[in-house]
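Commentary on secondary and tertiary structure
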Amino acid sequence: MIRAGVVGASGIAGGELIRLITQHPELELTYLGGSSSAGRRPAELHPGLRLDLGGLTVQPVTEDIADRVDVLFLATPAPVSAELAEMFADRVAAVVDLSGAFRIRTPELHDRWYPKVRRRTELADRFVYGVPELIGDQLKDAALISLPGCYATAITVGLAPLTLGLGLNLKTVVVDGKSGSSGGGLQLRTADLHPFRSGAIAPYAPTGHRHAAEVKDFLERGKPGTVESLSMSAYGVSHVRGLLTSSYVFTDEQLDQRELQRAYLRFYKGHRFVRVRRHTETLIPVPDPQAVLGSNYVDVTVLLDEEPDARGRIVVLAALDNIVKGAAGQALQAANLRFGLPEETGLTMQPVVPA
């Protein structure tokens, strides 16, 4: 068995990690870490969990836990993750960070979007970043893994067949992102209180989002295609789980709908967690976050706007569960590849519809 530890066990992503790890046939949960929740059992922190974990409780983070785990998941704020990665690099076989501490490789860009996160450049350079479907080979021997943000996962999965597959030059990409309240974690903010959040469409980042910066940073290094300009507006909506990104892509390349559909099917052939879908293939138009909730799937649809005034606009839609594929599920998927397991191990649950 692969011994697994979770730091940040009291948070939303931490709770989801506990849920998924305890159902994983090859992982054994041997450590839970935290500060304010030290001494508490998972069932006290997460109402849905009532597990027999042999008396396992949340414990303070100390260096000696490196002897108790083979993989350490950091479901912690970015500044904390930066400190813990420094502490456990080279002491644990694999550290998987769910925060933004090491997502952006370029130092200047990192400092712009994460000004409070201090990290050593040489440590940041050692992290493998990206969606497992796109960088799976790099995960096989990775000791340090940085997962994309939830929005970044959806955007990157949506754009990769155009840039990494077809090698297109995307002149302009404008992203509209909508996410449920769980995307903000468990911080107490007035805007997230039920009287204000229920029924709302809140433009909390209308002119920029750091997940867009990490996508552009990743795709620029990935080649062969390019992204000249990528901007994003983000909105909070009243559901709890799930997000949808709508990427509006402008390029000088001449493509038709059939070419685009084939390109996406070809690019994701053999990747079971990416479902390339036709917009009208089911009872409700897809992608829709409710069609993936509780699963590790990301649904993607590509459409060519053939109206004369659209000038060949490509619309790429991507939906996922931000807590599973956007966080804990993707963390386990990366760990599976790191330890030589089939990537779907422990992640074969189907979506819960309706949820």
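Below is a short write-up of the structure.

1. As for the pairing of strand β12 (residues 243-251)
In this structure, strand β8 (residues 169-179) lies alongside β12, joined through nine bridges in antiparallel fashion. Paired with Val175 across the bridge in β12 is Ser247. Where β12 and strand β15 (residues 314-320) come together, seven bridges link them in antiparallel fashion. When the sheet's bridge partners are listed, Ser246 is paired in β15 with Leu317.

2. Quick notes on the packing of aromatic side chains
Following the criterion strictly, the structure yields four aromatic pairs and no others. Residues Phe267 and Tyr268 carry aromatic rings whose centres are separated by 4.9 Å and whose planes lie at 80° to one another, so their mutual orientation is edge-to-face. On the basis of relative accessible area, Phe267 is assigned to the partly exposed category, the value being 24%. Between the NZ or CZ atom of Lys178 and the centre of the ring of Tyr235, over which it lies, the distance is 5.2 Å. Between Arg338 and the ring centre of Phe339, over which it is positioned, the NZ or CZ distance is 4.7 Å.

3. Digging into the pairing of strand β5 (residues 94-97)
The two faces of β5 match: Ala94 and Val96 on one face and Val95 and Asp97 on the other face are all buried. Inspection of the sheet shows strand β4 (residues 71-74) paired to β5 by four bridges, in the parallel sense. Across the sheet, residue Val71 finds its bridge partner in β5, namely Ala94. Note that the unit made of β4, helix α3 (residues 78-88) and β5 has a crossover that is right-handed. Of the pairings in the sheet, the one linking β5 to strand β7 (residues 144-146) comprises three bridges and is parallel in character. Considered in β7, the bridge of Val96 is made with Ile145.

4. Thoughts on the nonpolar core
Counting 79 residues, the largest nonpolar core has Leu17, Ile21, Phe73, Leu159 and Leu162 as the members making the most contacts within it. Considering each element in turn, this core owes the most residues, nine residues, to helix α7 (residues 150-165). With residues near it in sequence (within four places) discarded, Leu17 still touches Val6, Phe73, Ala75, Leu98, Ala328, Ala331 and Leu332. In this structure, Tyr31, Val69, Leu144 and Ala213 belong to the second largest nonpolar core, which totals 25 residues.

5. Topic: α3
Of all the residues in α3, the buried ones are Ala78, Ser81, Ala82, Leu84, Ala85 and Phe88. Buried positions along α3 lie against β1 (2-7), β4, β5 and α5 (121-124). Taken from the residues just after α3, Asp90 is the one with a positive phi, measuring 75°.

6. Structural notes on a positive patch on the surface
Residues Arg258, Arg262, Arg266 and Arg278 make up a contiguous surface patch of positive charge. Here Arg262 shows up in helix α10 (residues 257-267).

7. Here's the deal with the sheet that holds β4
Judged by pairing direction, the sheet is parallel, and its seven strands sit side by side in the order β3-β2-β1-β4-β5-β7-β6 without closing on themselves. Across the chains shown, the open sheet's two edge strands, defined by having one partner strand only, are β3 (58-59) and β6 (128-129). Pairing of β1 with β4 involves four bridges; the strand directions are parallel. Looking across to β4, one finds that Val7 is bridged to Leu74. Taken strand by strand, helix α11 (residues 324-338) contacts β2 (27-33), β4, β5 and β7, and its axis lies near 160° from that of β4.

8. With respect to α11
Its 15 residues place the ends of α11 only 18 Å apart at the C-alpha level, less than the 21 Å of an ideal helix rising 1.5 Å per residue. Along α11, the largest kink reaches about 45° and is centred on Gln330. Where burial is concerned, most of α11 is hidden: 15 out of the 15 residues are buried. Of the residues flanking the end of α11, it is Gly340, one or two places downstream, whose phi is positive at about 75°.

About the thresholds
Residues numbered from 1 in each chain as written. Predicted model: local features only at pLDDT ≥ 70, side-chain atom pairs only at ≥ 80, totals over all residues. Heavy atoms only, no water. Pairing = 2+ DSSP bridges. Helix = DSSP H or I, 4+ residues; strand = E, 2+ residues; numbered from the N terminus. Phe/Tyr/Trp six-rings, centres within 6.5 Å; stacked < 30°, edge-to-face > 60°. Buried < 20%, exposed > 50% of the residue type's maximum accessible area, 1.4 Å probe, protein only. Lys NZ or Arg CZ within 6 Å of the ring centre and 35° of its normal. Right-handed = clockwise from strand over helix to strand, strands pointing away. Core = buried A, V, L, I, M, F, W, Y, C linked by side-chain atoms within 4.5 Å. Contact = heavy atoms within 4.5 Å. Patch = residues over 30% accessible without salt bridge, like charges linked within 9 Å, V, L, I, M, F, W, Y side chains within 5 Å. Areas by Shrake-Rupley, 256 points an atom, 1.4 Å probe, with all protein chains shown as cover. Salt bridge = Lys/Arg side-chain N within 4 Å of Asp/Glu carboxyl O. Lys, Arg positive; Asp, Glu negative; His and termini not counted. Charge placed at Lys NZ, Arg CZ, Asp CG, Glu CD. Axes fitted to C-alpha atoms, helices over the stretch in contact; angles between N-to-C directions. Expected span 1.5 Å × (residues − 1). Bend = angle between axes of the 7 residues up to and from the residue.

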